[in-house]
Amino acid sequence: MSPDLHPSPTHDVGDGALAKGKLGTLDIVFFVVSAAAPLTVAVSSAPLAFLVGGIGAPGAMLASGVVLILFAIGFTAMSRYVRNTGAFYAYAAAGLGKPIGVGVAFITIVSYAFLCICFYALLGFFAQLTFAHLLGLDVHWGVWSIASVLAVGALGYRRIDVGAKVLAVLLTAEIAILLVISLAAIVQNGANIGAATAASFDPRNVLFASGASALFVFGFGAFLGFEGTVIYAEEAKQPRRTVPRATYVAIAFLAVFYAFTFWSLTVAFGVDGIIELAQSENFEEMMFLAGESALGAWAGVTVEVLIVTSFFACTLAFHNACSRYLFSLGRERLLPAMFARTHPRMRSPYVASSVLTAISLAAILAAALTGADPFLGIGLWTYAIGVAGLVFSQGIAAVSVVGFFWKDRRGHGVWEVVVAPILGAVGLLAAFLVIATHFDLVSGVEGPINGLMLACVPLVFISGVVVAIVMRRRSPEKYAALTQSVSVVPPAETESD
């Protein structure tokens, strides 16, 4: 056991305890895959990936998934011993020490909060377009965004399994329409299958093309939120089995599904046609055009509606994740203790959830009242900071897995807890560098402002490290109490989980 950590204190139901045993494997998968928002990736990221990265976009999705699976091998092994709803905080503290853990917690919370605001704004943007187009109801985007803030806040206030049921319905709908469109496009354009497959997964087009680095900006961005599996460890049924299973299922599903969806677009338009379309003025309509061509106008209309619900599901997933990080840091007294309160009946982190709702509401109101553009003025730059911050946190978490098992492999093989995590860490840190050097692709703006936005990531991380170091010097008792809520389970106890 790391000398920085202590066994978890026993919490009764009235002392900030989350609801136990509420989430099964599929419930957690729904949260994670909803956070990734497959429909919005297929509609928005796919055209951009083909535009700036080329024909290897489907292969890049698979390659990104492979890197994340390597990380997950050690990540899930560590989840058997370290359990805390402040996932990356707990992992980094256990593997690299408390200061690094606090730094990771700070940047993860900031990233989640930025992403929540981003998705509220984008939801309002697409809701305004969709309802104006389909019903002639032209309501300001801010109204839709505020309504979504309140709806997500209400679900976040309630028991965690209530939100899981909502996500199950919404996610099933968006996965279904993408599968129907993809399969119809393949059937209609079967003659293109051979050429599309050869070009999409050729390593020369995936790893060595001039736009290869840009492909991985979108590749790793498409998996945002997969780390959420361990956030729900305290609320999971049989976490030793549920969390690793959910992690592998979520990453594997996303990798295969993204690759299949992107590949189906290549089949639909042909190897040359997809690049021509990506370079045209109508490139953002790629999925709509594929659906309407293969199935008729109803497919495009369905996608329009489901984009809005996809953003809602995505925001709910990130809201729940961020609430639990706030709850965890309240329990650690790195934030006010009130954040650690749970609802006496529903066992939800209702204070943390309500504060996050209030922050999101204030941000959306301020943007709407000042006339900010929800897409360019809010959505893109908040997304850019959130993506960079989360990929950075994932990289540090991967290194922490290596640190945790370095001196004691706890009976695991070298591949599982040393080699695979090192490869995953190298891949994730390389992904952060790729995102940093191509930040304009994510932010949608050019110039020095990109450097300022990107600087938020190391500055917030360093500020968290400094807070912990200062606390160690000035308040050693408070510092010693950090991570007391982090359970580091002895190997023997994991077998009887």
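Summary of the structure given here.

Basis of the calculations
Residues numbered from 1 in each chain as written. Predicted model: local features only at pLDDT ≥ 70, side-chain atom pairs only at ≥ 80, totals over all residues. Heavy atoms only, no water. Helix = DSSP H or I, 4+ residues; strand = E, 2+ residues; numbered from the N terminus. Rg over C-alpha atoms; globule rule 2.2 N^0.38 Å. Buried < 20%, exposed > 50% of the residue type's maximum accessible area, 1.4 Å probe, protein only. Contact = heavy atoms within 4.5 Å. Areas by Shrake-Rupley, 256 points an atom, 1.4 Å probe, with all protein chains shown as cover. Lys, Arg positive; Asp, Glu negative; His and termini not counted. Charge placed at Lys NZ, Arg CZ, Asp CG, Glu CD. Patch = residues over 30% accessible without salt bridge, like charges linked within 9 Å, V, L, I, M, F, W, Y side chains within 5 Å. Salt bridge = Lys/Arg side-chain N within 4 Å of Asp/Glu carboxyl O. Axes fitted to C-alpha atoms, helices over the stretch in contact; angles between N-to-C directions. Parallel < 35°, antiparallel > 145°, perpendicular 65-115°, else oblique. Phe/Tyr/Trp six-rings, centres within 6.5 Å; stacked < 30°, edge-to-face > 60°. Lys NZ or Arg CZ within 6 Å of the ring centre and 35° of its normal. Core = buried A, V, L, I, M, F, W, Y, C linked by side-chain atoms within 4.5 Å. Left-handed = near helix turned anticlockwise from the far one by under 90°. Polar contact = N/O pair within 3.5 Å; in protein donor to acceptor, adjacent residues only side chain to side chain.

Scanning the protein chain from N- to C-terminus turns up 22 helices and two strands. Over its C-alpha atoms the protein chain spans a radius of gyration of 22 Å, differing by no more than 12% from the 23 Å that the globule rule assigns to 497 residues. Reported as C-alpha extents along the three principal axes, the dimensions of the protein chain are approximately 65 × 50 × 45 Å. The buried share among the 497 residues of the protein chain stands at 59%. A sequence separation of at least 24 residues applies to 83% of the contacts in the protein chain between residues at least 6 apart. When the accessible surface of the protein chain is split by element, carbon and sulfur atoms take 66% of a total near 18300 Å². If the 26 positive side-chain charges of the protein chain are averaged to one point and the 28 negative ones to another, these points end up 17 Å apart.

Quick look at the side chain of Ser 323 now. Within the fold, Ser 323 resides in helix H15 (residues 297-331). On the basis of relative accessibility, which here comes to 0%, the residue Ser 323 falls in the buried class. Ignoring any residue separated from it by four or fewer positions in sequence, one finds Ser 323 in contact with Pro 349, Ala 352, Ser 353 and Leu 356.

The next point concerns a nonpolar patch on the surface. Among the surface-exposed residues, Leu 134, Leu 135, Leu 137, Val 301 and Val 305 lie close enough to one another that they form a single nonpolar patch of about 400 Å² accessible area. Going through the elements one at a time, helix H5 (98-135) and H15 are the ones with two or more residues in the nonpolar patch. One can find Leu 135 in helix H5. With relative accessibility at 61%, the residue Leu 135 sits in the exposed group.

Let's shift gears to the packing of helix H6 (residues 141-157) against helix H16 (residues 350-369). Running from N to C, H6 and H16 point in directions that differ by 180°, and their axes come no closer than 9 Å. Accordingly, the angle class assigned to the pair H6 and H16 is roughly antiparallel. On the side of H6, the interface is formed by Trp 141, Gly 142, Ser 145, Ile 146, Val 149, Gly 153, Gly 156 and Tyr 157, while H16 contributes Tyr 350, Ser 353, Ser 354, Thr 357, Ser 360, Leu 361, Ile 364, Leu 365, Ala 367 and Ala 368.

Moving on, we get to the packing of aromatic side chains. Using the criterion set out here, one finds 24 aromatic pairs in the structure. Measuring from ring centre to ring centre gives 5.8 Å for Phe 114 and Trp 381, while their planes differ by 70°; the resulting arrangement is edge-to-face. Linking Phe 114 in helix H5 with Trp 381 in helix H17 (residues 374-405), this pair joins segments that are 267 residues apart in sequence. Taking the centre distance of 6.5 Å and the plane angle of 65° together, the rings of Phe 119 and Tyr 383 count as edge-to-face. Pair noted here: Phe 119 is in helix H5 and Tyr 383 is in helix H17, with a separation of 264 residues, a long-range link. Through pairs of rings, three or more aromatic residues link up here, namely Tyr 112, Phe 119, Phe 125, Phe 126, Phe 311, Phe 318, Tyr 325, Phe 375 and Tyr 383. Taking NZ or CZ as reference, Arg 410 lies 5.6 Å from the ring centre of Tyr 81, over its face.

According to the stated counting rule, one finds one salt bridge in the structure shown. Note that Asp 202 is salt-bridged to Arg 204, the shortest N-O span being 2.7 Å. For Asp 202, a relative accessible area of 15% translates into the label buried. A relative accessible area of 60% means that Arg 204 is categorised as exposed.

Attention now moves to the nonpolar core. Residues Phe 50 and Phe 318 are the most contacted members of the largest nonpolar core, which totals 162 residues. Among residues more than four places away in sequence, those in contact with Phe 50 are Ile 55, Ala 57, Pro 58, Phe 262, Leu 265, Thr 266, Ile 274, Ile 275, Ala 278 and Met 286.

When you line up the elements, Lys 20 lands in the segment before helix H1 (25-36). Classification of Lys 20 as exposed rests on a relative accessible area of 53%. It is 6.5 Å that separates the C-alpha atoms of Lys 20 and Ala 236, two residues lying 216 residues apart in sequence. In contact with Lys 20, not counting residues within four places along its chain, are Glu 234 and Glu 235.

Our focus in this paragraph is the packing of helix H3 (residues 57-79) against H17. Their axes nearest at 9 Å, the elements H3 and H17 cross at an angle of 50°. Between H3 and H17, the angle is such that the two are oblique. In the crossing of H3 with H17, the sense of the turn from one axis to the other is left-handed. The segment H3 lies against H17, with Leu 68, Phe 71, Gly 74, Phe 75, Ala 77 and Met 78 engaging Gln 394, Ala 397, Ala 398, Ser 400, Val 401, Phe 404 and Phe 405.

Let's shift gears to the environment of Tyr 91. Positionally, Tyr 91 belongs in helix H4 (residues 87-96). A relative accessible area of 1% places Tyr 91 in the buried class. With residues near it in sequence (within four places) discarded, Tyr 91 still touches Phe 75, Met 78, Ser 79, Val 82, Val 230, Ser 400 and Val 401.

This brings us to the side chain of Ser 443. Residue placement: Ser 443 occurs in helix H19 (residues 439-443). Polar side-chain contacts of Ser 443 include one of 3.3 Å to the backbone nitrogen of Val 445.

The next thing to look at is helix H14 (residues 286-295). Because an α-helix packs 3.6 residues into every turn, residues spaced three or four apart end up facing the same way. Burial in H14 covers these residues: Met 286, Met 287, Phe 288, Ala 290 and Gly 291. Gly 296, located one to two residues past H14, shows a positive phi value of around 110°.

Notably, Ala 37 is not glycine yet its phi reads approximately 55°, a positive angle. Take Ala 37: it is sitting in the loop between H1 and helix H2 (38-53). Residue Ala 37 is classed as buried on the basis of its relative accessible area, which comes to 2%. Within the chain, Arg 333 stands out as a residue other than glycine whose phi angle is a positive 65°. Residue position: Arg 333 is located in the loop between H15 and H16.

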